Amino acid sequence: MSIVKKELVPSVIEMMVWTRKIFKQGIRRPGYSADYWAENWVKEQFETMGLQDVTLDPVPVKKWEASNAELKIWMVNEPNELLDIPCFPIPYSKPKNNLEAELCMISDKTSKSGKIAVSELELFKFPVKAIKSYSGVDRYYDPENEFDNMEQTFPFDFEMRALFDRPLKDGIAGFIGILSGYPWETDEYYVPYDAVEGEIPGVYVSRDNGKKILKLIKKGTVRAKLSYKAKISEIISHNITGTLRGISDEWIVIGTHHDGPWNSAVEDASGMVLVLAQAKYWSQVPKEQRPFNLMFLMNCAHMAGGRGAIAFAEKYKELLRKVVVGIHLEHVARDVKSENGKLIPLADPTVRWWFVSRIIPLEETVEEAIIKEDLERSILLPPDGFPPGRDSPPTDGSFYHLEGIPFISFLTAPPYLFDTADTLDKIHQESYEPLTQAVIRIINSLKDHSADELRSLVLSKKERNKIRRKYKMRKENGI
Ligand SMILES: [Zn+2]
């Protein structure tokens, strides 16, 4: 019996039909109508596929809605020469009507108190070679030998969080983040999404519009008037679950989040499609051939502090003890290059990150599935320490690691992830079927393992490093 029944795997055509349907509904932030549509549509799909116990669990979430953003700047010696600068309010920042103040650079050494601080923001760039070394497990699949000459642009910068906090210390009245280091012209950057309410107003300005501000600041004293409205309301979003029984009492959870910052094709219509493809596949496989009970999860509120995943972990605490592996699937992304301020989709996928618990048989299972399905540009990463300083993966599935549950969290992080540039052409369609098949292989390969056994095999960072050194020595000495 083949380990993947190819005839039961949804075709890329069907998966793209799902993707387009989700995308065209509109902005899928928590509490927006397109996200409610997504919840009901997923429920319908689960029911049509014959999943049992299809449930919508309510989760209280902070919805953020901003409007009427305006930024005007002028030189104090030319008060009639007003420049209107398009801008986008920073999510969860404090709205203000007509904040008028002098502009300063955030790097200025003189007093910034009461001023609007301007900062140029970058996107973090990292050589893939360095990510590979961070992997700590030496498991990656790079058949074209591209990694050593590749650089990845992340959709965020590690400095940014500190930047949002810093103005408070200096008594700054407002903040303008110029997206100078962005490889395309945009101000629609939906970050941060931790749903922590800011204490000052702030907006993003695109690279080219930012240049106008910087030019004036170089010439002399500049003042600005900043206004926008924003409403934060308590709303109810929902986690959707459905199950299929298998031959074991134990469980595998296959999930992702259903919300996103915009219409967001990659983030995370593509993850929803991966989960739907698993549900459809396993619903057609006879119960005796499902190695475990399967729970399919589409949680809410990734874009509002990850509340959905937290609520899921709380509600299903008991069931999670019997979970052999939690599998979280996010973002089927296409690599891009930039040309004249525009993003151009390329043929290859964005580098794929597979965060996996430090369990050797689990690492081996994932590695084997990646190779079998020829999922080039894949790197296995440890559950903590990447990006540097993290105690869990930078994914919606990070709760598995924090709760001590063996997990696999698949993620790509293209630079356009939180931007309106995340459109249908950014989906790496060619990966839909092989990724689906890789997950099916992983689930089937785990059939002889149990929840307790895998937990007993979790290695510490030190133990894992020891194995890595031995493995390297054996390789170098040709043993
Ligand atoms: Zn996501």
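Before reading further, recall that the structure is shown in the block above.
Residues numbered from 1 in each chain as written. Predicted model: local features only at pLDDT ≥ 70, side-chain atom pairs only at ≥ 80, totals over all residues. Heavy atoms only, no water.

## Overview of the overall build of the chain
Heads up, the rule is: Strands are runs of DSSP state E lasting at least two residues, helices are runs of H or I lasting at least four, and both sets are numbered from the N terminus onward. We take the radius of gyration over the C-alpha atoms and set the globule estimate at 2.2 Å times the residue count to the 0.38 power. Relative accessibility decides the category of a residue: with a 1.4 Å probe and only protein chains considered, values under 20% of the type maximum give buried, values over 50% give exposed, and everything between is partly exposed. Note on contacts: a residue pair is in contact if any heavy atoms of the two residues lie within 4.5 Å. Note that His is not counted, nor are the chain ends; the positive residues are Lys and Arg, and the negative ones are Asp and Glu. A charged residue contributes its charge at one atom only: NZ of Lys, CZ of Arg, CG of Asp or CD of Glu.
For the chain, the count of helices and strands is 13 helices and 19 strands. For 479 residues, the compact-globule formula gives about 23 Å, and the C-alpha radius of gyration of the chain, at 24 Å, lands near that figure. Counting only C-alpha atoms and orienting by the principal axes, one finds that the chain spans roughly 80 × 55 × 40 Å. Across the 479 residues of the chain, 58% fall into the buried class. Looking at the chain alone, contacts between residues at least 24 apart form 83% of all its contacts between residues at least 6 apart. Computing the positive centroid from 64 side-chain charges and the negative centroid from 69, the chain places the two 2 Å apart.

## A closer look at the pattern of salt bridges
Rule in force here: What counts as a salt bridge is simple: a side-chain nitrogen of Lys or Arg found within 4 Å of a carboxyl oxygen of Asp or Glu.
Under the defined criterion, the tally for this structure stands at 26 salt bridges. Of the charged contacts, one joins E318 and R321 as a salt bridge, the two residues approaching to 2.8 Å between their closest N and O atoms. Of this pair, E318 and R321 both sit in helix α8 (residues 317–321), separated by three residues, roughly a single helical turn. On the basis of relative accessibility, which here comes to 55%, the residue E318 falls in the exposed class. The residue E368 makes a salt bridge to K372 at a minimum N-O spacing of 3.3 Å. Of this pair, E368 and K372 are both found in helix α9 (residues 360–372), four residues apart, which corresponds to roughly one turn of the helix. Judged by its relative accessible area of 46%, E368 falls in the partly exposed class. Within the structure, one salt-bridge network assembled from shared partners comprises R139, E363, E367 and R464.

## Thoughts on the packing of aromatic side chains
Short version of the rule: Two aromatic rings, drawn from Phe, Tyr or Trp (for Trp, its six-membered ring), form a pair once their centres lie within 6.5 Å of each other, and the interplanar angle then sorts them: stacked below 30 degrees, edge-to-face above 60, tilted otherwise. Whether a charge sits over a ring depends on NZ of Lys or CZ of Arg being within 6 Å of the ring centre and within 35 degrees of the ring normal.
Throughout the structure, instances matching the rule amount to 25 aromatic pairs. Ring plane angle 55 degrees and centroid distance 5.9 Å describe the contact between F126 and F154, whose orientation is recorded as tilted. One end of the pair, F126, is in strand β6 (residues 125–127); the other, F154, is in the loop between β8 (151–153) and α4 (160–169), with 28 residues separating them in the sequence. For the pair F126 and F154, a shared accessibility class is recorded, and that class is buried. On the basis of an interplanar angle of 35 degrees and a centroid distance of 4.9 Å, the ring pair of F312 and Y316 is categorised as tilted. You'll find F312 and Y316 in the same group, each marked buried. Chaining the aromatic ring pairs together yields one cluster made of F124, F126, F154, F156, W353, F355 and F386. Sitting above the plane of the W262 ring, R29 keeps its charged end 4.5 Å from the centroid. The residue whose ring lies beneath K63 is Y32, and the NZ or CZ to ring-centre distance is 5.3 Å.

## Focus on empty space enclosed by the protein
Selection criterion: Using a grid of 1 Å spacing that covers the protein atoms alone, one calls a set of points a cavity when a 1.4 Å probe fits there but cannot get out, and a pocket when the set is open and has protein on both sides within 12 Å along at least five of seven lines; lining residues are those with an atom within 4 Å of a point. Grid points are joined across faces, edges and corners, and a volume is the space filled by probe spheres set on the points.
Per the counting criterion, the structure on display carries three cavities of 30 Å³ or more. Taken as a whole, the second largest cavity spans an internal volume of roughly 40 Å³. If you trace the second largest cavity, you find it lined by Y140, Y141, E367, I370, I371, S378 and L380. Those elements giving two or more residues to the lining of the second largest cavity turn out to be β7 (140–141), α9 and β18 (378–381).

## Comments concerning α9
For the record, the criterion: Working rule for helices: expected span equals 1.5 Å times residues minus one.
For α9, built from 13 residues, the straight-helix expectation of 18 Å at 1.5 Å per residue is met to within 8% by its first-to-last C-alpha distance of 18 Å. The complete set of buried residues in α9 reads I360, L362, E363, T365, V366, A369 and I370. Positive backbone phi, approximately 55 degrees, marks D374, located one or two places after α9.

## Looking at the coordination of the zinc ion
Note the following rule: Water is not among the atoms examined, so metal sites may look incomplete; donors are the N, O and S atoms within 2.8 Å of the metal, or within 3.2 Å for Na, K and Ca. Under the classification used here, a metal with four donors is tetrahedral if each angle lies between 85 and 135 degrees, square planar if opposite donors are over 155 degrees apart and the others between 65 and 115, a six-donor metal meeting that same test is octahedral, and anything else is irregular.
For the zinc ion, the full set of protein donor atoms is H257 (NE2), E267 (OE), E330 (OE) and H331 (NE2), and the range of their distances to it is 2.1 to 2.3 Å. Each of the four donor atoms bound to the zinc ion contributes to angles spanning 74 to 176 degrees, and the resulting shape is irregular. Written as a sequence motif, the donor arrangement for the zinc ion is H-x9-E-x62-E-H. Remark: H331 occurs in the loop between β14 (323–330) and β15 (334–339) and E267 occurs in helix α6 (residues 265–283); sequence separation between them is 64 residues. The residues E267 and H331 share a single accessibility class, namely buried.

## Some thoughts on the environment of L457
Following the sequence through the fold, L457 ends up in the loop between α12 (451–456) and α13 (461–476). For L457, the contacting residues outside a window of four places in its chain are R358, I359 and P361.

## Some points on the layout of surface pockets
Put simply, the test is: Basically, the charged four are Asp, Glu, Lys and Arg, the nonpolar ten are Ala, Val, Leu, Ile, Met, Phe, Trp, Tyr, Cys and Pro, and anything else, Gly included, counts as polar.
Put simply, the largest pocket is a space of about 980 Å³. Around the largest pocket sit 38 residues that line it, and Y193, D194, H302, R390 and P394 are the ones nearest its centre. Here the lining of the largest pocket takes four residues from helix α7 (residues 307–315), the largest share from any one element. Classifying every residue of the lining of the largest pocket by side-chain character gives 22 nonpolar, six polar and 10 charged.

## Comments concerning the side chain of S237
Examined against the element boundaries, S237 turns out to sit in strand β11 (residues 222–244). Leave out the neighbours within four places in its chain, and S237 touches P30, G31, D35, E39, D57, P58, V59, V61 and C300.

Function-wise, these values are silent; they only describe arrangement.
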